[in-house]
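Fold and contact review
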Amino acid sequence: MAADGGAQPGPDGILRCPWGLSAEDYVAYHDTEWGRPVHGDDALYERLCLEAFQSGLSWLTILRRREGFRRAFAGFRIAEVAAFTEADEERLLGDAGIIRNRAKIQAAVANAKVASALGEGELDALIWSFAPDPERRPAPRTHGEIPAVTPESKALAKDLKKRGFRFVGPTTAYALMQACGLVNDHLADCWAREEMGAPAAG
């Protein structure tokens, strides 16, 4: 999602983060999802999986296969994916609707098993416990001011790995934090930042 500079007007004249205008698929994602709080174990598990599959690829590639991923991974219902077998993993390797990467597929299944061992609501509580104080984060004015990793994302990745989660490095953890609203990295002049009631730009 790299793009330099500050918020830019789209065809409708509304200021958005530049990456949110770089492809048609990004506009709706930027306007309705990215940076908005996500809660619920299954919902966060889905985002964790998708961010892991995105590693090394464009997020646009993942967005365009999102429904394929949902079909392949039982709607990302943790209990169901946790019951997947090696035969299911082989089936997924032949599914053209997803990214057919053996290590990432195995990680998604393994992560469901780890998540299923937690109590209801524990994955949600765990991930959100690493959300930083928004008052301590000045609104970025350009994409260049947005970090790739933070102390919180490093701590989250370390905790998840300790519990047995895979494909959860600090960069992936921070992308998850951005996407799920643990941090608000919409640029200072982006309309979505103001709509979400973010603290005023410093």
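Counting of residues starts from 1 at the beginning of each chain's written sequence and follows it residue by residue. Restriction of local features to residues with pLDDT of at least 70 applies here, the model being predicted, together with a cutoff of 80 or more for giving and counting side-chain atom pairs; totals for whole chains, interfaces and linings are based on all residues. By convention in this description, side-chain values take in all heavy atoms of the structure and omit both hydrogens and water.

1. Structural notes on the packing of aromatic side chains
- Working definition: a ring pair exists when centres of Phe, Tyr or Trp rings (six-membered ring for Trp) sit within 6.5 Å. Plane angles under 30 degrees give stacked, over 60 give edge-to-face, the rest tilted. Scanning all chains against the criterion turns up 10 aromatic pairs.
- Considering the side-chain rings of Phe69 and Phe73, the 6.5 Å spacing of their centres and the 20 degrees angle between planes classify their relative orientation as stacked.
- Only protein chains enter the accessibility calculation, which uses a 1.4 Å probe; a residue is then buried when its area is under 20% of its type maximum, exposed when over 50%, and partly exposed in between. According to the relative accessible area criterion, Phe73 is buried, its value standing at 0%.
- Its end group placed over the ring of Phe84, Arg91 keeps NZ or CZ at 5.5 Å from the ring centre. Think of it as a cone above the ring: NZ of Lys or CZ of Arg counts as a charge over the ring if it is within 6 Å of the ring centre and within 35 degrees of the ring normal.

2. Considering the packing of helix α6 (residues 86–93) against helix α7 (residues 102–116)
- Close contact between α6 and α7 brings their axes to 10 Å; oriented N to C, the two are set at 135 degrees. Classified by the interaxial angle, the pair formed by α6 and α7 is oblique. Read as a crossing pair, α6 and α7 show a hand that is right-handed. Of α7, the residues touching α6 (which contributes Glu89, Glu90, Leu92 and Leu93) are Arg102, Ile105, Gln106 and Val109.
- The nonpolar class holds Ala, Val, Leu, Ile, Met, Phe, Trp, Tyr, Cys and Pro. Asp, Glu, Lys and Arg form the charged class, and all remaining residues, Gly among them, are polar. Looking at the contact of α6 with α7 residue by residue, the classes come out as four nonpolar, one polar and three charged. Structural elements are reduced to axes, namely lines fitted to C-alpha atoms, with helices fitted over the stretch in contact, and the angle between N-to-C directions of any two is expressed from 0 to 180 degrees. By the criteria applied, helices consist of DSSP H or I runs no shorter than four residues and strands consist of E runs no shorter than two, each listed in order from the N terminus. Oblique is the label for any angle not under 35 degrees, not over 145, and not in the 65 to 115 range, which are roughly parallel, roughly antiparallel and roughly perpendicular in turn. The crossing is said to be left-handed when, going from far helix to near helix, the turn is anticlockwise and less than a right angle, and right-handed when the turn is clockwise. Contact criterion: two residues are considered in contact whenever any of their non-hydrogen atoms come within 4.5 Å of each other.

3. Observations regarding the side chain of Glu89
- Turning to its location among the elements, Glu89 is positioned in helix α6.
- Non-local contacts of Glu89, meaning those with residues more than four positions away in its chain, are made with Ile105, Gln106 and Val109.

4. Focus on the UniProt feature "binding site: Zn(2+)" (unreviewed entry) in the chain
- UniProt positions are given in the numbering used here, feature names are shortened, and annotations may be inferred rather than shown by experiment. Listed under "binding site: Zn(2+)" (unreviewed entry) in the UniProt record, and renumbered for this structure, are Cys17, His30, His186 and Cys190. The named residues occupy 174 residues along the chain; their greatest pairwise C-alpha distance, 10.3 Å, places them in one compact cluster.
- Position of Cys17 among the secondary structure elements: in the loop between β2 (15–16) and α1 (24–32).
- Among all residues touching Cys17, those that are not within four sequence positions of it are His30, His186, Leu187 and Cys190.

5. With respect to the environment of Ala192
- Looking at the secondary structure, you find Ala192 in helix α11 (residues 191–195).
- Expressed as a C-alpha distance, the spacing of Ala192 and Asn111, which sit 81 residues apart in the sequence, is 32 Å.
- Ignoring any residue separated from it by four or fewer positions in sequence, one finds Ala192 in contact with His30 and His186.

6. Examining the side chain of Asp159
- With respect to the secondary-structure elements, Asp159 resides in helix α9 (residues 151–163).
- You can call Asp159 buried: its relative accessible area is 15%.

7. Here's the deal with the pattern of salt bridges
- Here a salt bridge means any side-chain nitrogen of Lys or Arg lying within 4 Å of a carboxyl oxygen belonging to Asp or Glu. Considering all chains together, one arrives at 15 salt bridges under this definition.
- With its nearest N and O atoms 3.0 Å apart, the salt bridge here joins Arg64 to Asp25. With Arg64 in the loop between α3 (59–63) and α4 (66–72) and Asp25 in helix α1, this pair connects stretches of sequence that are 39 residues apart.
- One salt bridge connects Asp133 with Arg136, and the closest N-O pair in it is separated by 3.8 Å.
- Taking the relative accessible area as the measure of exposure, Asp133 reaches 37% and is therefore partly exposed.
- In this structure, a network of salt bridges that share partners links the residues Glu33, Glu46, Arg47, Arg66, Glu67 and Arg70.

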